[in-house]
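Residue-level structure breakdown
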Amino acid sequence: MNEQIRAREVRLVGPEGEQVGIVPLERALQLAADVDLDLVEVAPMARPPVCKLMDFGKFKYESALKAREARRNQQQTVIKEMKLRPKIDPHDYETKKGHVVRFLKAGDKVKVTIMFRGREQSRPELGYRLLRRLESEISELGYVEAAPKQDGRNMIMVLAPHRATKAAAVARGAGPRERETGAAEAPPAEAAGPAGTTGE
């Protein structure tokens, strides 16, 4: 910028973007001083380098504002996790479905995990039917982003909020929230594993 520029001549661009042409550096600096602006090198690798007349302080301030606004509008995805058993009690199912609904309304994705134990592993269709039931019951709020698939003793499906659902969450200030996480999260009650499920 200004006297820090080392080129002998520059391709000069005016404050409104107009092309002035190739001029000696001294002439460009004089033009900048005449209009009380800075001479800023915007394309140093060009031959000759391209310089523009601008208010550099104002430029930095506006750039910082734009960057701050971009960060504010950046959508971050939070993935929650909900664990169910294939023979889950109806009341527990409704409770956990309520959590899924709440997560989707907040603009979060939900990783739904069906946990098989013992002989349940030979009945994957039970988990599949449960996931399909959940999918149909939350269809107004979200959709299946990752179809059900077996992963060892678990069957996993990922639900994502519809664009309108996420937009409503952002408008309410409910989401998108704090951070992006590759690890699934669960509410505190889930930490010790599913409660109230039936045996095998």
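Described below are features of the structure shown in this document.

So, how was this worked out
- Residues numbered from 1 in each chain as written.
- Predicted model: local features only at pLDDT ≥ 70, side-chain atom pairs only at ≥ 80, totals over all residues.
- Heavy atoms only, no water.
- Helix = DSSP H or I, 4+ residues; strand = E, 2+ residues; numbered from the N terminus.
- Buried < 20%, exposed > 50% of the residue type's maximum accessible area, 1.4 Å probe, protein only.
- Contact = heavy atoms within 4.5 Å.
- Areas by Shrake-Rupley, 256 points an atom, 1.4 Å probe, with all protein chains shown as cover.
- Phe/Tyr/Trp six-rings, centres within 6.5 Å; stacked < 30°, edge-to-face > 60°.
- Lys NZ or Arg CZ within 6 Å of the ring centre and 35° of its normal.
- Arc of directions from axis to C-beta.
- Salt bridge = Lys/Arg side-chain N within 4 Å of Asp/Glu carboxyl O.
- Polar contact = N/O pair within 3.5 Å; in protein donor to acceptor, adjacent residues only side chain to side chain.
- Pairing = 2+ DSSP bridges.
- Axes fitted to C-alpha atoms, helices over the stretch in contact; angles between N-to-C directions.
- Core = buried A, V, L, I, M, F, W, Y, C linked by side-chain atoms within 4.5 Å.

Counting secondary structure elements, the chain contains five helices and eight strands. Secondary structure elements of the chain, listed N to C terminal, follow the sequence β-β-α-β-β-α-β-α-β-α-β-β-α. Here the chain, with 200 residues, has 36% of them falling under the buried criterion. Summarising the internal contacts of the chain: among those between residues at least 6 apart in sequence, 62% fall at separations of at least 24. Within the structure as shown, the chain displays about 12,200 Å² of accessible surface, and the carbon and sulfur contribution to it stands at 50%.

The next point concerns the packing of aromatic side chains. Scanning the entire structure with this criterion turns up one aromatic pair. Directly above the aromatic system of Tyr93 lies the positively charged group of Arg133, at a separation of 3.9 Å from the ring centroid.

What follows covers helix α1 (residues 25-34). Of the positions making up α1, those classed as buried are Leu25, Ala28, Leu31 and Ala32. For α1, the angular spread of the buried residues around the axis is 125 degrees, confining them to a single face. Relative to its buried face, α1 has exposed residues pointing more than 90 degrees away, namely Glu26, Ala33 and Asp34. Buried residues in α1 make contact with β1 (9-13), β2 (19-24), β3 (38-43) and β4 (50-54).

Let us look at the environment of Gly152. Looking at the element boundaries, Gly152 is found in the loop between β7 (142-151) and β8 (154-161). With a relative accessible area of 59%, Gly152 lands in the exposed category.

By the definition in use, this model includes eight salt bridges. A salt bridge links Lys97 to Glu94, with the nearest nitrogen and oxygen atoms 3.3 Å apart. Remark: Glu94 and Lys97 occur in helix α3 (residues 90-105); sequence separation between them is three residues, near one turn of the helix. Lys97 sits in the buried class, given a relative accessible area of 18%.

Moving on, we get to the side chain of Arg85. Structurally, Arg85 is set in the loop between β5 (79-84) and α3. There is a polar contact of 3.2 Å between the side chain of Arg85 and the backbone oxygen of Met115.

Further remarks concern the sheet that holds β3. Ordered by their spatial adjacency, four strands build an open sheet running β2-β1-β4-β3, and the pairing between neighbours is mixed. What marks the edges here is a single partner per strand, and that holds for β2 and β3. Pairwise comparison of adjacent strand axes, ignoring direction, gives a mean angle of 35 degrees for this sheet. Along the sheet, α1 makes contact with β1, β2, β3 and β4, crossing β2 at roughly 125 degrees.

Here Lys96 is to be found in helix α3. Sequence separation between Lys96 and Met82 is 14 residues, and the spatial gap between their C-alpha atoms is 7.1 Å.

Before going further, it helps to examine the nonpolar core. Counting residues in hydrophobic clusters, the biggest one holds 20 residues, and the most contacted among them are Leu84, Val100, Val110 and Leu159. If one sorts the elements of this core by residue count, α3 sits on top with five residues. Those residues in contact with Leu159, other than ones at most four positions away along the chain, are Val100, Leu104, Lys109, Val110, Val112, Leu134, Ile138, Tyr143, Val144 and Glu145. Grouped together as the second largest cluster of nonpolar side chains are 12 residues, Ile5, Val10, Ala28 and Ala32 included.

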